[in-house]
Amino acid sequence: MSALEIRSFREKILNAATSNLEFAAAIKILDDYKNNGWTKDLMYAELMRISESFPSHEDYIYDLMDCVVGFCSPHMKIFD
């Protein structure tokens, strides 16, 4: 992935966390990146970096991480 794409992902996720965007809309962001070729490992790693850099939003980010690895309700999973 390009540095620009990674930066865009980080900005969108941080904006979602900061504005307390509805969870379904945040999952849509993840799904869009998956459909653009992001792997589970890449997405999880980037979410981890965001959570480490912005601990005030870690709960929100951790919930998104659960959707990436599948530790969530079946309808919220990003990857099978």
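In the block above lies the structure referred to throughout.
Residues numbered from 1 in each chain as written. Predicted model: local features only at pLDDT ≥ 70, side-chain atom pairs only at ≥ 80, totals over all residues. Heavy atoms only, no water.

Undergrad: Which parts of the structure should I look at to understand the packing of helix H1 (residues 3-18) against helix H2 (residues 23-35)?
TA: Interhelical geometry of H1 versus H2 gives an angle of 170° and a closest axis separation of 10 Å. Taken together, the axis directions place H1 and H2 in an arrangement best described as roughly antiparallel. The segment H1 lies against H2, with Glu-5, Ser-8, Phe-9, Lys-12, Ile-13 and Ala-16 engaging Ala-26, Ile-29, Leu-30 and Tyr-33. For the contact of H1 with H2, the class distribution of residues is seven nonpolar, one polar and two charged. (Axes fitted to C-alpha atoms, helices over the stretch in contact; angles between N-to-C directions. Helix = DSSP H or I, 4+ residues; strand = E, 2+ residues; numbered from the N terminus. Parallel < 35°, antiparallel > 145°, perpendicular 65-115°, else oblique. Contact = heavy atoms within 4.5 Å. Nonpolar A, V, L, I, M, F, W, Y, C, P; charged D, E, K, R; others polar.)

Undergrad: What is the right way to read the nonpolar core from this model?
TA: Nonpolar side chains tend to gather and get buried jointly when the protein is soluble and globular. Counting residues in each nonpolar core, the largest one holds 23 residues, and the members touching the most others are Phe-9, Ile-13, Leu-30, Met-43, Leu-47, Ile-61 and Leu-64. Of all the secondary-structure elements, those providing two or more residues to this core are H1, H2, helix H3 (40-53) and helix H4 (58-69). At six residues, the largest contribution of residues to this core is made by H4. Once residues within four sequence positions are removed from consideration, Ile-13 is found in contact with Ile-29, Leu-30, Leu-47, Ile-50, Ile-61 and Leu-64. (Core = buried A, V, L, I, M, F, W, Y, C linked by side-chain atoms within 4.5 Å. Buried < 20%, exposed > 50% of the residue type's maximum accessible area, 1.4 Å probe, protein only.)

Undergrad: Sorry if this is basic, but what is going on with a nonpolar patch on the surface here?
TA: Taken together, the side chains of Tyr-44, Val-69 and Phe-71 make up a nonpolar region of the molecular surface, amounting to roughly 320 Å² of accessible area. Note that Phe-71 resides in the segment after H4. Among the residues examined, Phe-71 registers a relative accessible area of 67% and is labelled exposed. (Patch = residues over 30% accessible without salt bridge, like charges linked within 9 Å, V, L, I, M, F, W, Y side chains within 5 Å. Areas by Shrake-Rupley, 256 points an atom, 1.4 Å probe, with all protein chains shown as cover. Salt bridge = Lys/Arg side-chain N within 4 Å of Asp/Glu carboxyl O.)

Undergrad: What am I meant to see in the packing of aromatic side chains here?
TA: In this description, a pair of aromatic rings is defined by centroid distance and the angle of the planes. Under the criterion given, the structure shown has four aromatic pairs. Centroid distance Phe-9 to Tyr-33: 5.0 Å. Interplanar angle 75°. Geometry classified as edge-to-face. Remark: Tyr-33 occurs in helix H2 and Phe-9 occurs in helix H1; sequence separation between them is 24 residues. Taken as a pair, Phe-9 and Tyr-33 share a single burial class, namely buried. Ring centres 5.1 Å apart and planes at 75° place the aromatic pair Tyr-33 and Trp-38 in the edge-to-face group. The exposure class assigned to Tyr-33 is buried, which follows from its relative accessible area of 6%. Here a set of aromatic residues connected by ring pairs shows up, and it is made of Phe-9, Tyr-33 and Trp-38. (Phe/Tyr/Trp six-rings, centres within 6.5 Å; stacked < 30°, edge-to-face > 60°.)

Undergrad: Quick question: what am I supposed to make of the packing of H3 against H4 here?
TA: How two helices pack is summed up by the angle between their axes together with the distance between the axes. Their axes nearest at 9 Å, the elements H3 and H4 cross at an angle of 170°. The angle between H3 and H4 places the two elements in the roughly antiparallel class. Only Glu-58, Ile-61, Tyr-62, Leu-64, Met-65, Val-68 and Val-69 of H4 make contact with H3, whose side of the interface consists of Lys-40, Met-43, Tyr-44, Leu-47, Met-48, Ile-50 and Ser-51. When grouped by side-chain class, the residues that make up the contact of H3 with H4 number eleven nonpolar, one polar and two charged.

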